[in-house]
Every structure is written in structure tokens, then in C-alpha cells.
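# A look at the structure
Single-letter residue listing:
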Amino acid sequence: MVAFNFVGTIVVDVIGMVLAAFGILTPLVAALVHVGSESAFILNSARLLPHFRSSSNGRT
């Protein structure tokens with residue numbers, strides 16, 4: 001999953017740079033795409049963190 005997140009980030013950034021270089025993406029749209037994709041990959045990476053289970057009485 002780490003490799004997927006890394007490669008995915010690079011691919012999205014390269015595609016965004018190419019589209020911006022040809023004037024297809026404005027700087028604002030490119031920034032929104034970048035922030036959105038980075039947020040998605042960070043949330044995907046967060047799934048690798050250990051999860052704590054609550055006890056039977058509802059306390060953690």
C-alpha cells in the first residue's frame with residue numbers, strides 16, 4: 001500500500017504539471033487537484049496505523 005500511495009502521488013502530480021504546462025489547468029484548479037489528491041493518499045495511508053479497539057464497557 002505504501003508503494004501505491006507513493007506512485008499514485010507522483011503520477012497525479014506529473015499529470016497535473018503536464019496539464020498546467022499546456023494551459024489546461026489554471027493555477028487554482030491545479031492547487032485544488034493537488035490538495036485533494038494528497039488528502040486522499042494521506043487518508044489512505046492512515047489505514048496503515050494500528051487501530052485501538054474499545055473494551056466491552058465502552059471505554060478505550
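Okay, so let's go over this structure.

Rules used throughout
- Residues numbered from 1 in each chain as written.
- Predicted model: local features only at pLDDT ≥ 70, side-chain atom pairs only at ≥ 80, totals over all residues.
- Heavy atoms only, no water.
- Phe/Tyr/Trp six-rings, centres within 6.5 Å; stacked < 30°, edge-to-face > 60°.
- Helix = DSSP H or I, 4+ residues; strand = E, 2+ residues; numbered from the N terminus.
- Buried < 20%, exposed > 50% of the residue type's maximum accessible area, 1.4 Å probe, protein only.
- Lys, Arg positive; Asp, Glu negative; His and termini not counted.
- Salt bridge = Lys/Arg side-chain N within 4 Å of Asp/Glu carboxyl O.
- Contact = heavy atoms within 4.5 Å.
- Patch = residues over 30% accessible without salt bridge, like charges linked within 9 Å, V, L, I, M, F, W, Y side chains within 5 Å.
- Areas by Shrake-Rupley, 256 points an atom, 1.4 Å probe, with all protein chains shown as cover.
- Expected span 1.5 Å × (residues − 1).
- Arc of directions from axis to C-beta.

All chains considered together, the criterion is met by one aromatic pair. Pairing Phe4 with Phe41 gives two aromatic rings, centres 6.2 Å apart and planes at 65°, and the pair type is edge-to-face. You can see Phe4 sitting in helix H1 (residues 2-21) and its partner Phe41 sitting in helix H2 (residues 27-46), a full 37 residues away along the chain.

Okay, the side chain of Glu38 next. Here Glu38 is to be found in helix H2. No salt bridge is formed by the buried Glu38, whose closest oppositely charged neighbour, Arg47, lies at an N-O distance of 16 Å. Beyond its immediate chain neighbours, meaning those up to four positions away, Glu38 contacts Thr9 and Asp13.

In this section: a nonpolar patch on the surface. Among the surface-exposed residues, Phe6, Val7, Ile10, Val11, Val14, Ile15, Met17, Val18, Phe22 and Ile24 lie close enough to one another that they form a single nonpolar patch of about 1,000 Å² accessible area. Along the chain, the position of Val18 falls in helix H1.

With that settled, the discussion passes to H2. With 20 residues, H2 should reach 28 Å at 1.5 Å per residue; the first-to-last C-alpha distance of 28 Å fits that figure. For H2, the elements touching its buried residues are H1.

This part is about the environment of Phe41. For Phe41, a relative accessible area of 15% gives the class buried. For the pair formed by Phe41 and Phe6, sequence separation is 35 residues and the distance between their alpha carbons is 8.3 Å. Apart from residues no more than four positions distant in its own chain, Phe41 is found in contact with Phe4, Asn5, Gly8, Thr9 and Val12.

The subject of this paragraph is H1. Look at H1: 29 Å from first C-alpha to last across 20 residues, which is about the 28 Å you get at 1.5 Å a residue. Among the residues of H1, those classed as buried are Asn5, Gly8, Thr9 and Gly16. Each buried residue of H1 sits inside an arc of 100° when the element is viewed along its axis, so together they form one side. Away from its buried face by more than 90 degrees, H1 exposes Ala3, Phe6, Met17 and Ala21. Where the residues of H1 are buried, they touch H2.

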